[in-house]
Amino acid sequence: MQRLRRVAAAAVVAALAATGVTACGDDGEDGSGAKVLKLWHYESANSAMGVAWDRAIEIFKQEHSGVEVRFERKAFEQIQQNAGMIINSSEGPDIMEYNKGNATAGLLSSQGLLTDLTAEATKRGWDKALSPSLQTTARYDDKGVMGSGNWFGVPNYGEYVMVYYNKDLFTKYGVPVPTTLDEMTAAMDTFVGKGVTPLGTAGAEYPAGQLFYQLALSKADRAFVDDYQLYKNPVDFHADPLKYGAETFAQWVGKGYVSKDSASAKAEDMGTAFIAGKTPMIVSGSWWYGRFKDEIKFNWDTFLFPGNKLNAGSSGNLWVVPATSKAKNLAYDFVDITLRPEVQALIGNNGGVPVAADPTKISDPKDKKLIENFNAVSGQDGLAFYPDWPVPGYYDVLVSGFQGLINRSRSPEQVLDAIAKPYQDGVAEIKRD
């Protein structure tokens, strides 16, 4: 139970403090007296964030003579599954990238494992640099629910889900770019008729759940998002839009739009298949954009999920400072650097979505389109967050559910049953706390 986890976490924090693991204060000194900032993130080196953050590290070193930066690139799943244990360890980082949302940053903040950044946000102007919609994922109440309360993380980029498509394959098979969901299904019918599986996905990680969510959002409104993500009202999993999302997903599998083999695929498999030119389309996030720009040799482009006013998306992941960090002031300085115009422009010019960039500094037409589409979505209050956010542990629930839908071992009704109970139990537990 969540309450027991919080008590246990508090006990661990107390024990660490008692044994001196947290004892060095905020100056970053290790046991030998050397000053160190331990920094972890999971962005690839050629992604927009990877490029920009490498530059941020260079700037930090220039401005903090005598401080050693110990950077480690971690796997997304490694941090997703083990964050609580990681940041309770003396081997953990002083600052790290972590998933935003109730089930991740919210949960750790409610357990007392993250540093309250509210005073720094005011002092350093982060509260002015980030719009209210982007602050939603930075702030959490005492139950770990996003959108209000104190700052426990700081994003420096935005992200959203879209459709990436292979322009060469569209041209080869005479497929027009769809502007409605009906046109998208017609496009996929054309590919299937030519013996081509039109839509790549990955059932073993997040992409399948995000595809389901995009389909559900095509029939949703802001009230549904508030109910599902912020617990404003109970959610009926066997009614639209969730019912429509699951049933349509199953239909797409049945029609051959999605390969049954993708049930065991990971996000990297989906991405590399698209990079290799094997897949006409994938539905995924802006975090691929910089890598695709760097690695793809054919003509490609993107479009927003056809007809949707709501799309999965939010601020990017957060810089969080573990409560056990020995270098908190150095960590705050690093966060500040990532919001500077130079670093923001690097995000924008390498296929990312900066939150505080000067648009005149973005030179590439593809990058401008990426940012313009994000601004269009966020400007109409269209960021609907992500399907796994509402309750702790829900990511694994969704992965299991949609693997069953792809390999056809479960019906849509069975999948909706399987994902409804953990959601409802999790919301009830959060409200009890």
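Residues numbered from 1 in each chain as written. Predicted model: local features only at pLDDT ≥ 70, side-chain atom pairs only at ≥ 80, totals over all residues. Heavy atoms only, no water.

The name given to the protein in an unreviewed UniProt entry is Extracellular solute-binding protein, with Micromonospora fulviviridis as the source organism. UniProt lists a comment for the protein under the heading Sequence similarities (unreviewed entry), and it reads "Belongs to the bacterial solute-binding protein 1 family." (UniProt positions renumbered as here; feature names shortened; annotations may be inferred.)

### Observations concerning the packing of helix H12 (residues 242-254) against helix H19 (residues 412-432)
Put simply, H12 and H19 touch, their axes get as near as 9 Å, and they point 135° apart. Considering their axes alone, H12 and H19 lie oblique with respect to each other. As H12 packs across H19, the resulting crossing turns out to be right-handed. Between H12 and H19, the contacting residues are Leu 242, Lys 243, Ala 246, Glu 247 and Ala 250 on the first element and Pro 412, Glu 413 and Leu 416 on the second. A breakdown of the residues in the contact of H12 with H19 according to their chemical character gives 5 nonpolar, no polar and 3 charged. (Axes fitted to C-alpha atoms, helices over the stretch in contact; angles between N-to-C directions. Helix = DSSP H or I, 4+ residues; strand = E, 2+ residues; numbered from the N terminus. Parallel < 35°, antiparallel > 145°, perpendicular 65-115°, else oblique. Left-handed = near helix turned anticlockwise from the far one by under 90°. Contact = heavy atoms within 4.5 Å. Nonpolar A, V, L, I, M, F, W, Y, C, P; charged D, E, K, R; others polar.)

### Some thoughts on the pairing of strand S3 (residues 95-98)
Of the two faces of S3, both are covered, the one formed by Ile 95 and Glu 97 as well as the one formed by Met 96 and Tyr 98. Across 2 bridges, strand S1 (residues 35-41) lies against S3 in parallel orientation. Bridged to Trp 40 within S3 is Met 96. Pairing between S3 and strand S11 (residues 318-320): 3 bridges, direction antiparallel. Across the sheet, the residue bridging to Met 96 is Val 320, located in S11. (Buried < 20%, exposed > 50% of the residue type's maximum accessible area, 1.4 Å probe, protein only. Pairing = 2+ DSSP bridges.)

### Some thoughts on the nonpolar core
Counting residues in each nonpolar core, the largest one holds 76 residues, and the members touching the most others are Phe 249 and Trp 252. Excluding residues that lie within four positions of it along the chain, Trp 252 makes contacts with Leu 181, Met 184, Thr 185, Met 188, Leu 199, Leu 211, Leu 215, Tyr 257, Val 258 and Phe 305. (Core = buried A, V, L, I, M, F, W, Y, C linked by side-chain atoms within 4.5 Å.)

### A look at the layout of surface pockets
Looking at the largest pocket, its volume works out to about 680 Å³. Lining of the largest pocket is provided by 28 residues; of these, Tyr 42, Phe 76, Tyr 206, Ala 267 and Trp 287 occupy positions nearest its centre. One number sums up the size of the second largest pocket: a volume of about 380 Å³. What lines the second largest pocket is a set of 20 residues, among which Gln 80, Gln 81, Tyr 98, Ala 103 and Leu 107 lie closest to the centre. Elements supplying a minimum of two residues to the lining of the second largest pocket: helix H3 (76-87), helix H4 (102-110) and helix H18 (394-406). Looking at the lining of the second largest pocket, the element that brings in the most residues is H3, giving 6 residues. Broken down by class, the residue content of the lining of the second largest pocket amounts to 10 nonpolar, 7 polar and 3 charged. (1 Å grid on protein atoms, 1.4 Å probe; cavity = no way out; pocket = protein on both sides within 12 Å on 5 of 7 lines; lining within 4 Å. Points joined across faces, edges and corners; volume = space filled by probe spheres on them.)

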